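# Breakdown of the fold
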Amino acid sequence: MAQRTVDAHNHWYPKEYLDYLVSRGEDQSPYMRHDGGSHYRGYYKGVACAHIDRPGHYDLEARIKDLDASGLDTQLLSVTIPGPETLEPDQGVYWAKKCNDALKQATEAYPGRFYFLATLPWQVPDEAAKELERCHDMGCVGVQMFSNFNGEPVWLDKFHGIYALADKWELPMLVHPANPLTAEVMDTMKIPYQLWGYTLDTSMAVVSMIFQGLFDKFKKLTLVHGHLGGMVPYFVRRLADSYKGYGKEWGISDLSESPDETYRKRVYPDTTSFYLPAMKCCLEWVGPGQMCIGTDYAHRVGDPEGAIKAVKDLGDQAGLSPQEIDMILGANLEKLFKLPPMP
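What this report covers is the structure whose coordinates are included nearby. (Residues numbered from 1 in each chain as written. Predicted model: local features only at pLDDT ≥ 70, side-chain atom pairs only at ≥ 80, totals over all residues. Heavy atoms only, no water.)

A count of helices and strands for the protein gives 14 helices and ten strands. With the C-alpha coordinates aligned to their principal axes, the bounding extent of the protein is approximately 50 × 50 × 45 Å. Within the span of the protein, comprising 343 residues, buried residues form 58% of the whole. Summed over all atoms, the accessible surface of the protein reaches about 14,400 Å², with 53% contributed by carbon and sulfur. (Helix = DSSP H or I, 4+ residues; strand = E, 2+ residues; numbered from the N terminus. Buried < 20%, exposed > 50% of the residue type's maximum accessible area, 1.4 Å probe, protein only. Areas by Shrake-Rupley, 256 points an atom, 1.4 Å probe, with all protein chains shown as cover.)

Of note, the bond from S29 into P30 is cis; its omega dihedral lies within 30 degrees of zero at 0°. Looking at the secondary structure, you find P30 in the loop between α1 (15-23) and β2 (31-36). Positive phi, normally seen in glycine, also occurs at K190, with a value near 55°. Tracing the sequence through the fold places K190 in the loop between α6 (183-189) and α7 (193-211). Despite not being glycine, L228 shows a phi value in the positive range, around 60°. Along the polypeptide, L228 turns up in helix α9 (residues 226-229). Overall, the relative accessible area of 1% leaves L228 in the buried class.

The next thing to look at is helix α11 (residues 259-266). Within α11 the residues assigned to the buried category are P259, D260, T262, Y263 and R266. The buried residues of α11 occupy an angular sector of 160° when the element is viewed end-on, so they sit on one face. (Arc of directions from axis to C-beta.)

Attention now moves to the side chain of Q144. Looking at the element boundaries, Q144 is found in strand β7 (residues 142-146). One polar contact links Q144 to S78, side chain to side chain, over a distance of 2.9 Å. (Polar contact = N/O pair within 3.5 Å; in protein donor to acceptor, adjacent residues only side chain to side chain.)

Across the sheet, which stays open at both edges, the three strands sit in the order β2-β3-β4 with antiparallel pairing between neighbours. The open sheet terminates on both sides in strands that have one partner only, identified here as β2 and β4 (47-52). Along the sheet, successive strands turn relative to each other by an average axial angle of 25°, direction set aside. Relative to strand β3 (residues 39-44), β2 runs antiparallel, the two being bridged by five bridges. Looking at the pairing, M32 lines up with G42 of β3. Lying over the sheet, α1 contacts β2, β3 and β4, oriented at roughly 95° with respect to β2. (Pairing = 2+ DSSP bridges. Axes fitted to C-alpha atoms, helices over the stretch in contact; angles between N-to-C directions. Contact = heavy atoms within 4.5 Å.)

Moving on: helix α3 (residues 89-109). In this model α3 runs 30 Å from its N-terminal to its C-terminal C-alpha over 21 residues, within 8% of the 30 Å that 1.5 Å per residue would give. Of the residues making up α3, those classed as buried are G92, V93, W95, A96, C99, N100, A102, L103, A106 and T107. Looking at the buried positions of α3, the neighbouring elements they touch are α1, α2 (60-70), β5 (74-77), β6 (114-118) and α4 (125-138). (Expected span 1.5 Å × (residues − 1).)

As a further point, take the sheet that holds β6. In a beta sheet, neighbouring strands are held together by backbone hydrogen bonds and run either parallel or antiparallel to one another. Taken together, the seven strands give an open sheet; going across it, the order is β1-β5-β6-β7-β8-β9-β10, and neighbouring strands pair in parallel fashion. Both outer strands of the open sheet, β1 (6-7) and β10 (267-269), are each paired with one neighbouring strand and no more. As defined by bridge partners, β6 adjoins β7 across two bridges and the pair is classed as parallel. Bridge pairing links L117 to G142 in β7. This element, α7, spans β7, β8 (173-176), β9 (223-225) and β10 of the sheet and lies at about 150° to β9.

Further remarks concern the pattern of salt bridges. For the coordinates displayed, the defined rule picks out 20 salt bridges. One salt bridge connects E127 with K130, and the closest N-O pair in it is separated by 3.6 Å. Here E127 pairs with K130, and both are found in helix α4, just three residues apart, close to one helical turn. (Salt bridge = Lys/Arg side-chain N within 4 Å of Asp/Glu carboxyl O.)

To characterise two packed helices, one gives the angle between the axes of the helices and the distance between these axes. Axis separation between α3 and α4 bottoms out at 11 Å; the angle between their running directions is 10°. Taken together, the axes of α3 and α4 lie roughly parallel to each other. Taken as a pair, α3 and α4 cross one another with a handedness that is right-handed. Note on element contacts: α4 touches α3 through E127, E131, R134, C135 and M138, opposite V93, A96, K97, N100, D101 and K104. Here the residues of the contact of α3 with α4 sort into four nonpolar, one polar and six charged. (Parallel < 35°, antiparallel > 145°, perpendicular 65-115°, else oblique. Left-handed = near helix turned anticlockwise from the far one by under 90°. Nonpolar A, V, L, I, M, F, W, Y, C, P; charged D, E, K, R; others polar.)

Under the counting rule described, the total for this entry stands at 13 aromatic pairs. Taken together, a centroid distance of 4.1 Å and an interplanar angle of 10° make the contact between W122 and F149 stacked. Of this pair, W122 sits in the loop between β6 and α4 while F149 sits in the loop between β7 and α5 (160-169), and the two are 27 residues apart along the sequence. The exposure class of F149 is buried, given its relative accessible area of 3%. (Phe/Tyr/Trp six-rings, centres within 6.5 Å; stacked < 30°, edge-to-face > 60°.)

With that settled, the discussion passes to the nonpolar core. Among the nonpolar cores identified, the biggest contains 95 residues, and W122, M145 and Y163 are the most heavily contacted of them. If we ignore the near neighbours within four places in the chain, the residues touching M145 are W122, V154, Y163, M173, L174, V175, H176, M209 and L223. Grouped together as the second largest cluster of nonpolar side chains are 14 residues, L76, Y115, V141 and Y268 included. (Core = buried A, V, L, I, M, F, W, Y, C linked by side-chain atoms within 4.5 Å.)

Dropping the structure here:
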């Protein structure tokens with residue numbers, strides 16, 4: 001039997017939420033602009049952070065057709081930026097619940113094709129913890145987290161209650177970019193956030209969680225790191241040397257192991273890059289047991305049609321066995337997210 005293909009990094013906007021963002025108007029942050037037809041643009045603090053080109057970004061029937069054409073069996077759905085965590089606190093709590101209800105309905109409408117990652121109102125940590133409990137009861141398989149929470153670092157104590165629940169229930173977390181902490185720098189340099197702002201921001205988030213001891217505190221916490229691990233796999237020696245040479249000065253010298261080892265054991269880079277030399281570099285470090293498919297469907301930087309071929313090409317060039325290729329295609333995520341067999 002062929003290995004089920006599983007996509008960890010993809011996004012869906014419940015249509016009701018999309019319509020709400022459009023209704024907010026351009027004097028609000030965030031908001032959506034409808035350009036006509038299936039085209040929308042999402043804005044956060046005046047900057048376009050998301051583009052919707054495919055109906056499958058919000059229409060599940062159209063999405064299934066795209067998945068079938070791409071050979072993708074299962075997706076772990078998540079609501080992307082601008083998400084409810086960027087709204088005013090009361091609206092954020094309300095729309096996180098609405099989005100999770102819609103995500104649950106999607107899994108029921110297409111059993112085995114979709115599972116969902118909990119959308120949380122991170123701007124209200126106590127309410128986020130309550131919502132994660134509700135999502136756990138509804139059958140979520142993981143959590144959508146971001147590289148910062150409205151400009152706040154992800155490692156702050158105020159968020160530990162959420163991580164504690166993810167640790168308790170062994171719910172992996174997908175680390176996705178938010179409006180980057182380096183936004184002002186990127187604005188000055190005229191560099192699209194999607195190039196370096198996003199990948200740097202997720203890298204800082206994951207490494208800071210390691211440096212601040214969250215993986216020592218939460219022993220079963222695991223992450224899927226979007227966009228091929230951001231920048232981390234390409235600075236492995238720098239990561240280890242910075243900790244060894246400067247960790248004491250920064251108050252991070254009492255970790256149980258070198259940060260590069262923690263990353264290699266507890267973080268799963270997805271394949272959203274599709275550039276084979278970079279994929280090979282990442283593979284050489286973490287190995288086939290720590291990589292997984294990410295398509296970034298349905299964003300412009302994604303490639304659902306080429307995702308499976310990219311993994312198979314990687315396997316050919318790296319000399320992977322069929323079993324190792326299957327790990328990346330879906331077996332790793334089946335195990336990590338405890339997915340039941342296809343119906």
